[in-house]
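A structural walkthrough
So you can see what is in the structure, the chains are spelled out below.
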Amino acid sequence: MIEMTLREIAEVVGGTLHDTPDPEVTVTGSVEFDSRRIGSGDLFLALPGEHADGHDYAKAAVGAGAVAVLAARPVGVPAIVVTPSPGTVPAKSVALTGDSDGSGAAVLAALATLAQVSVERLSAAGGLTVVGVTGSSGKTSTKDLLAAVLTPLGPVVAPPGSFNNELGHPWTALRADADTRFLVLELSARGPGHIAALARVAPPKIGVVLNVGTAHLGEFGSRDAIAQTKGELVEALPSSGLAVLNADDPQVAAMATRTRARVVMVGQASSAEIRATDVHLDTEARAGFTLHTSKGSIPVRLAVHGEHQVGNALSAAAVALECGADLDTIAQALGGAQAASARRMDVRTTADGITVVNDSYNANPDSVRAALKALVTMSRAGDTPRRSWAVLGEMGELGEESVIEHDRIGRLAVRLDVSRLIVVGTGRPSHAMHQGAVMEGSWGEESILVPDIGAAIALLDNEVEPGDVVLVKASKAVGLWAVAEHLTCAERAGTSGSTEARGVSERTKGTAAIGRTTEPSVSEAES
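These numbers come from a predicted model, not from an experiment. Along each chain, residues carry numbers from 1 onward, in the same order as the chain's sequence is written. It should be noted that, the model being predicted, local features are given only for residues of pLDDT at least 70 and side-chain atom pairs only at 80 or more, the latter also being counted only at that level, while totals for whole chains, interfaces and linings use all residues. Hydrogens and water are ignored here; the side-chain numbers use all heavy atoms of the structure.

Examined bridge by bridge, strand β12 (residues 242–246) and strand β13 (residues 262–267) share five bridges and lie parallel to one another. Paired with Ala 243 across the two strands is Val 263, which belongs to β13. Of the pairings in the sheet, the one linking β13 to strand β14 (residues 274–281) comprises two bridges and is parallel in character. The residue bridging Val 266 from the neighbouring strand is Ile 274, located in β14. Here a strand pair is declared whenever DSSP counts at least two bridges between the two strands. Strands here are runs of E lasting at least two residues and helices are runs of H or I lasting at least four, both read from the DSSP assignment and numbered beginning at the N terminus.

Structure below.
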């Protein structure tokens, strides 16, 4: 963030200074909501959590180097205090699940205002370009590719993982400073107006819309409602900006009429201005293709896995071209870009020859279909086909369509001829996925329903063999990454119980400082 004094910050956010001997002290670092991650010169955010309150950690944060605290009440150390707003806590906010009196909402509103001022000043100075990306799936992978193709042009700030909601978004925006040339941001939504609100926090110059799918269908009610909300990003662009739209998705392509900005279409359709042809996959489901642009054509070979990454790469290429990159630089950057965010198509082969595809960060019907296709491609490549395993858990927030969508995934696994399907869970969606596979033609134990992570691990330990390919995927709440991490650890545990405990520990790690895990509070993955 730009350097500001405590007095300036208080004026910007409408707060009052408490226990502040010197209002001219400057925040030289950034903002942080986890007291364990405070650095010298930072501003600590005191947010209420479900089990603890950040206000109780204010003194520890200042002791660790924070200049002051942004809080909703005096905390006995230098603080900028904003007035709680009872009744203003958004019903669907995952960042404010512990906010009972509006204190968290007030701190988050102040954070958003601070980020907006910082970004607007940096942009006005002419040195910062803000790039926003949204879509039902693929945001985080595309964000990572964008960071890779823009880095050769100058310093880039992009969120770690999926910091993409009302907390993670401004938190990331405030990482940009006077040296930052590109700020790449994900924009998520749980309902209408959410993307528009995030775009006001850090107004984008370039907006990328990847797709309109079924993620969070239960929250929105229909794909049309999802499309309407995703289009809020292009509506926020200035006339001097650029909208990068997916020509292969009719609902995204239709957003061209909703923006003042110039529009560039990307995809495999003949109408796309930035297009991929000759798409092919190697033995690890990594795509190669010919990139066609108005500046010429060039072969590209991706290091990330899955054919669905082609569209993500085209969007990244479009942004890079707009920002001044040449084709050689783009092709080289795309070819060197690895999966930078954890548990997203992370492919590893163990010492005993088992290939594990850890895509367990989150799941929706579209992303599961893409992952299953990548699994099958990998298992059938080479001279000798390998056994394929799909370890799948529930896809959350699908509303009334949940049972139907899970049934469709089970049937797809059979149609793709996945060797073994392990469905993890006891709820109706899990039963529907397993039953869908059975009804589609699974026989014997090709599809098996297990109650929990421990049972899935025990089954794999007994039956997985060297050479097999194992996909692990589910919504984040399932915590299915424990399965992938067990398979890829140096020495797999001999019992399922100890491994399940490690998974639980991972999910709850980090709750002490603010009363909730860090990841769920800052992100709305796959939305």
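On we go from here.
Looking now at helix α1 (residues 6–13). Residue exposure (1.4 Å probe, protein chains only): buried if accessible area is under 20% of the type maximum, exposed if over 50%, otherwise partly exposed. For α1, every residue scored as buried is listed here: Leu 6, Ile 9, Ala 10 and Val 13. Down the axis of α1, the buried set is contained in an arc of 100 degrees. They therefore lie on one face. In this description, the arc belongs to the directions extending from the helix axis to the C-beta atoms.

As a further point, take the side chain of Ser 118. As for its placement among the helices and strands, Ser 118 is situated in helix α3 (residues 103–124). Residues are treated as being in contact if the distance between any of their heavy atoms lies within 4.5 Å. If near-sequence neighbours (up to four positions away) are discounted, Ser 118 is found in contact with Met 1, Ile 2, Leu 174 and Ala 176.

Time to look at the sheet that holds strand β20 (residues 420–424). Taking strand neighbours across the sheet as the criterion, the six strands line up as β17-β18-β22-β19-β20-β21 in an open arrangement whose pairing is mixed. Among the strands making up the open sheet, the edge pair consists of β17 (346–349) and β21 (447–450). Across this sheet, the average inter-strand angle for adjacent strands is 15 degrees, counted without regard to direction. Where strand β19 (residues 388–392) and strand β22 (residues 469–473) come together, five bridges link them in parallel fashion. Paired with Leu 392 across the two strands is Lys 473, which belongs to β22. Note on definitions: angles span 0 to 180 degrees between N-to-C directions of axes, and those axes are lines fitted to C-alpha atoms, for helices only across the stretch in contact.

A few words now on the confidence of the model for the chain. Here the chain averages 89 in pLDDT, and 91% of its residues register 70 or above. The predictor's confidence in any single residue is recorded as pLDDT, a number from 0 to 100. In this model, residues 491–520 is a region of pLDDT below 50 whose contacts with residues beyond four sequence positions or in other chains number 67 contacts.

It is the contact of helix α13 (residues 365–380) with helix α14 (residues 402–415), at a shortest axis distance of 11 Å, that shows an interaxial angle of 10 degrees. Taken together, α13 and α14 sit at an angle that is classed as roughly parallel. Residues Pro 365, Val 368, Arg 369 and Leu 372 of α13 pack against Glu 405, Ile 409, Leu 412 and Ala 413 of α14. For the contact of α13 with α14, a count of residues per class yields six nonpolar, no polar and two charged. Any angle that is under 35 degrees is reported as roughly parallel, and any over 145 degrees as roughly antiparallel; angles of 65 to 115 degrees are reported as roughly perpendicular and all others as oblique. Under the grouping applied here, Gly and all other residues not named as nonpolar or charged are polar, the nonpolar ones being Ala, Val, Leu, Ile, Met, Phe, Trp, Tyr, Cys and Pro and the charged ones Asp, Glu, Lys and Arg.

A separate point is empty space enclosed by the protein. Space inside and on the surface of the protein is sampled on a 1 Å grid over the protein atoms alone, with a cavity defined as a set of points where a 1.4 Å probe fits but cannot get out and a pocket as an open set with protein on both sides within 12 Å along at least 5 of 7 lines; lining residues have an atom within 4 Å of a point. Grid points are joined across faces, edges and corners, and a volume is the space filled by probe spheres set on the points. As enumerated under the stated definition, the model contains one cavity of 30 Å³ or more in all. Volume-wise, the largest cavity comes out at about 90 Å³. Elements with a minimum of two residues in the lining of the largest cavity: α4 (139–150) and β16 (296–305). The dominant element in the lining of the largest cavity, judged by the number of residues it contributes, is α4, at four residues. Taken together, the residues of the lining of the largest cavity break down into six nonpolar, six polar and two charged.

Buried residues of helix α12 (residues 327–336): Leu 327, Ile 330, Ala 331, Ala 333 and Leu 334, and no others. Taken down its axis, α12 places every buried residue within 165 degrees of arc, on the same side. Of the residues in α12, the exposed ones pointing more than 90 degrees away from the buried face are Asp 328 and Gln 332. Those residues of α12 hidden inside the fold are in contact with α4, β15 (286–293), β16 and α11 (309–322).

Our focus in this paragraph is the nonpolar core. What we call a nonpolar core is a set of buried Ala, Val, Leu, Ile, Met, Phe, Trp, Tyr and Cys residues that are connected through their side-chain atoms within 4.5 Å. Counting residues in hydrophobic clusters, the biggest one holds 50 residues, and the most contacted among them are Leu 245, Met 255, Leu 372, Leu 392 and Val 418. Broken down by element, the residue count for this core peaks at seven residues, all from α13. Leu 245 has contacts with Val 209, Val 234, Val 252, Ala 253, Met 255, Ala 256, Val 263, Val 264, Met 265 and Val 266, leaving out every residue within four places of it along the chain. Val 27, Ala 176, Leu 183 and Ala 202 belong to the second-largest nonpolar core, a separate cluster that totals 44 residues.

This part covers the sheet that holds strand β4 (residues 31–32). The five strands lie next to each other as β2-β7-β6-β5-β4, forming an open sheet whose pairing is mixed. Because the sheet does not close on itself, it has two edges, and the strands there are β2 (16–18) and β4. Alignment of β2 against strand β7 (residues 79–81), held across three bridges, turns out to be antiparallel. Paired with Thr 16 across the strands is Val 81, a residue of β7. Along the sheet face, α1 touches β2, β5 (43–45), β6 (68–71) and β7 and points at about 15 degrees away from the line of β7. Along the sheet, α3 contacts β4, β5 and β6; its crossing angle with β6, the most-contacted strand, is approximately 115 degrees.

Moving on: unusual backbone geometry. In this model, Asp 278 sits at a positive phi of 55 degrees, which is unusual for a non-glycine residue. Within the secondary structure, Asp 278 sits in strand β14. Located in the positive-phi region is Arg 343, a residue other than glycine, with phi close to 65 degrees. You can call Arg 343 buried: its relative accessible area is 9%.

Attention now goes to the environment of Ile 422. Structurally, Ile 422 is set in strand β20. Accessibility expressed as a relative area gives 0% for Ile 422, which makes it buried. Non-local contacts of Ile 422, meaning those with residues more than four positions away in its chain, are made with Trp 389, Ala 390, Val 391, Leu 392, Ile 448, Val 450, Ala 456, Leu 459 and Leu 460.

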